[in-house]
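# A structural walkthrough
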Amino acid sequence: MLTAPSLPATASAPHRFLPVLPVVAIVAMMALPVSGGGDGGGGTIADAVSGLVVLYCAIRLVRDRRRPLSRTAAVVFALPVVGIALAAAGAASPGAGITGLVRYLQIFVLVPAAVMLLIRDRRDARLVVWSLIGLALWQGAIGVHQYVTGTGASYMGEEIRAVGTFGAADVMGMATVVSFGIVCSLGLALGSGPGRQRTVAAVCALALLLPLALSFSRGTWIATAVTCGAQLALAGMRRAVKVFAVVAAASVILVGGLGVGTAMLQERISSITQVADAPDQSVTDRYTMWAAAVDMWRDQPLTGVGLKGFPDHRDGHASLALSSGSDTEGAGAGFKRQPLLSPHNMYLLILSEQGLLGLLALAGSWLALLVCGLRRLFRARRPASRGLDCALVACGLLTWQLVDFAYADIGGPSTALTAVLFGLGAWWALASEEAGDR
């Protein structure tokens, strides 16, 4: 892929980072309070900005007369389009098909490709990474304040669940953002950047552990633990042991010494293993919807029931164990019954709505990004190479998302960040070697 020439060192910082600032703008929009209760029923400001970013990138490509993608990148981004288009054609109505097509293309094709093309080198990538960390600190600070003051979302009868600005209807939003911040911070701390950067990043990672714990989100806990473990292993086992000791000490002080949410945190953590013995209603609902998604796939194994088809087919495939919805309350919103319209598992959602063809196409493109990113990461570990921090961040974010997709799917105000995440991962995995080394 052809890359734009780098600007001279004397260029001013704002002008130097001008091409990548629209990407940062998507991240910045996530700091604003979510309108409409955060129920994910429509587009958000971040979605609108992401569309403008795609348009901005297209204008730059036409103006600069650049070949936009390498052959490998074109294949990786084109692969999901096939399954998405087939599923859109099989949707129950043209409106549902078009809506689902636009959403999937936005999150997994258009915005990631634009982000990849607008990030030109490691300095641009680090700016995006630090913006993600800044967003995580902001949302995390709001979440901790909600827990301390009892103004968060309702959890076990108390309004203490940290949700940031995303509201009670999107309890995963703040947890997702904070998890991104931890993964980014740890990647920078383990990288080969300046000592001051590594120190600040390590402090940010430790600070973000508190709001992550107070989110009471089991899925993000699991994804973050798996990802951080992978990052530590990839950075070197000796360093991994040191970091693990620091995190363990911080956890003991945080929970044991200060008693931050001890009883509720212990109960929430223990519930992770109680998937067979007396699971709570949320676990029962999730497993029931998973079974319904698999049953839909059995009816239409190749192409699925069509985009946006899961809610319409849910009742015909779900058992009586499924509740009518989940209760949400707090964080400035009144009581509301949220309908269960997705299986809360991205792989099963794709399998049920797009069939085996769609799952192989989408998951295949994600796996290709991760494999290509890991290949470059191992090369970046060589003494003469640079960019280990960017490699650990990009591969870490991809790993986190692929693990989290086993417990969540797209939807809600924080979804636009998923597109940025895949774009950052694609930049490291698919951009030219020169772009990663600058």
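Anyway, here's the lowdown on the structure attached to this text. Predicted model only: the values in this text are computed from it and were never measured.

### What about the nonpolar core?
- If you look at the biggest cluster of nonpolar residues, it comprises 112 residues, and the most contacted ones within it are Tyr104, Phe108, Met346, Trp366, Leu397, Trp428 and Leu430.
- By residue number, the principal contributor to this core is helix 14 (residues 346–380), which donates 13 residues.
- What Leu430 contacts, discounting residues up to four positions off in sequence, is Ser70, Thr72, Ala73, Val76, Phe77, Met116, Leu369 and Cys372.

### A short note on helix 5 (residues 94–118)
- Taking 1.5 Å per residue as the helical rise, helix 5 with its 25 residues ought to reach 36 Å, and the 33 Å between its terminal C-alpha atoms agrees with that figure.
- Maximal helix bending in helix 5 amounts to about 55 degrees, located at Gln106.
- Within helix 5, 18 of the 25 residues are buried, which leaves the element mostly enclosed by the surrounding structure.

### A few points about the packing of helix 3 (residues 45–64) against helix 5
- Running from N to C, helix 3 and helix 5 point in directions that differ by 50 degrees, and their axes come no closer than 9 Å. Accordingly, the angle class assigned to the pair helix 3 and helix 5 is oblique. Handedness of the helix 3/helix 5 crossing: left-handed. Across the interface between the two elements, Asp47, Ser50, Val53, Val54, Tyr56, Cys57, Arg60 and Leu61 from helix 3 touch Arg103, Gln106, Leu110, Val111, Ala114, Leu117 and Leu118 from helix 5.

### Looking at the packing of aromatic side chains
- In the structure shown here, the tally under the stated rule is 11 aromatic pairs.
- Judged by centre distance (6.1 Å) and plane angle (65 degrees), the ring pair of Tyr347 and Trp366 falls under edge-to-face.
- Classification of Trp366 by relative accessible area gives buried; the value is 3%.
- Ring centres of Trp427 and Trp428 lie 6.0 Å apart, and the angle between their planes is 55 degrees; this geometry places the pair in the tilted category. There is no split in this pair, since Trp427 and Trp428 are both buried.
- Clustering of aromatic rings is evident, with ring pairs tying together Tyr104, Phe108, Tyr347, Trp366, Phe405 and Phe422.
- Here the guanidinium or amino end of Arg376 rests over the ring plane of Trp428, the centre of that ring lying 4.5 Å away.

### What about the pairing of strand 2 (residues 158–161)?
- Alignment of strand 1 (residues 153–155) against strand 2, held across 3 bridges, turns out to be antiparallel. Residue Ser154 lies in a different strand from strand 2, and its bridge partner there is Glu159.

### Description of the pattern of salt bridges
- Taken as a whole, this structure holds 6 salt bridges when the rule is applied.
- With its nearest N and O atoms 3.1 Å apart, the salt bridge here joins Asp64 to Arg63.
- Since its relative accessible area comes to 56%, Arg63 is described here as exposed.
- As a salt-bridge pair, Arg123 and Asp121 come within 3.8 Å of each other at their nearest N and O atoms.

### Some thoughts on the packing of helix 9 (residues 218–235) against helix 15 (residues 388–404)
- One way to put it is that helix 9 packs onto helix 15 with a least axis distance of 9 Å and a crossing angle of 145 degrees. For the pair helix 9 and helix 15, the sense of crossing is right-handed. Facing Gly219, Thr220, Ala223, Thr224, Val226, Thr227, Gln231, Leu234 and Ala235 of helix 9, the residues of helix 15 in contact are Leu392, Val393, Gly396, Thr399, Trp400, Val403 and Asp404.

### Let's talk about the environment of Val403
- Note on placement: Val403 falls in helix 15.
- Beyond its immediate sequence surroundings of up to four residues, Val403 is in contact with Ala223 and Val226.

### A closer look at the side chain of Ser70
- Looking at where Ser70 falls in the secondary structure, it is placed in the loop between helix 3 and helix 4 (71–89).
- Of the residues examined, Ser70 reaches a relative accessible area of 13% and is grouped as buried.
- A polar contact of 3.3 Å, which involves the side chain of Ser70, links it to the backbone nitrogen of Ala73.

Scoring rules and cut-offs
- Residues numbered from 1 in each chain as written.
- Predicted model: local features only at pLDDT ≥ 70, side-chain atom pairs only at ≥ 80, totals over all residues.
- Heavy atoms only, no water.
- Core = buried A, V, L, I, M, F, W, Y, C linked by side-chain atoms within 4.5 Å.
- Buried < 20%, exposed > 50% of the residue type's maximum accessible area, 1.4 Å probe, protein only.
- Helix = DSSP H or I, 4+ residues; strand = E, 2+ residues; numbered from the N terminus.
- Contact = heavy atoms within 4.5 Å.
- Expected span 1.5 Å × (residues − 1).
- Bend = angle between axes of the 7 residues up to and from the residue.
- Axes fitted to C-alpha atoms, helices over the stretch in contact; angles between N-to-C directions.
- Parallel < 35°, antiparallel > 145°, perpendicular 65-115°, else oblique.
- Left-handed = near helix turned anticlockwise from the far one by under 90°.
- Phe/Tyr/Trp six-rings, centres within 6.5 Å; stacked < 30°, edge-to-face > 60°.
- Lys NZ or Arg CZ within 6 Å of the ring centre and 35° of its normal.
- Pairing = 2+ DSSP bridges.
- Salt bridge = Lys/Arg side-chain N within 4 Å of Asp/Glu carboxyl O.
- Polar contact = N/O pair within 3.5 Å; in protein donor to acceptor, adjacent residues only side chain to side chain.

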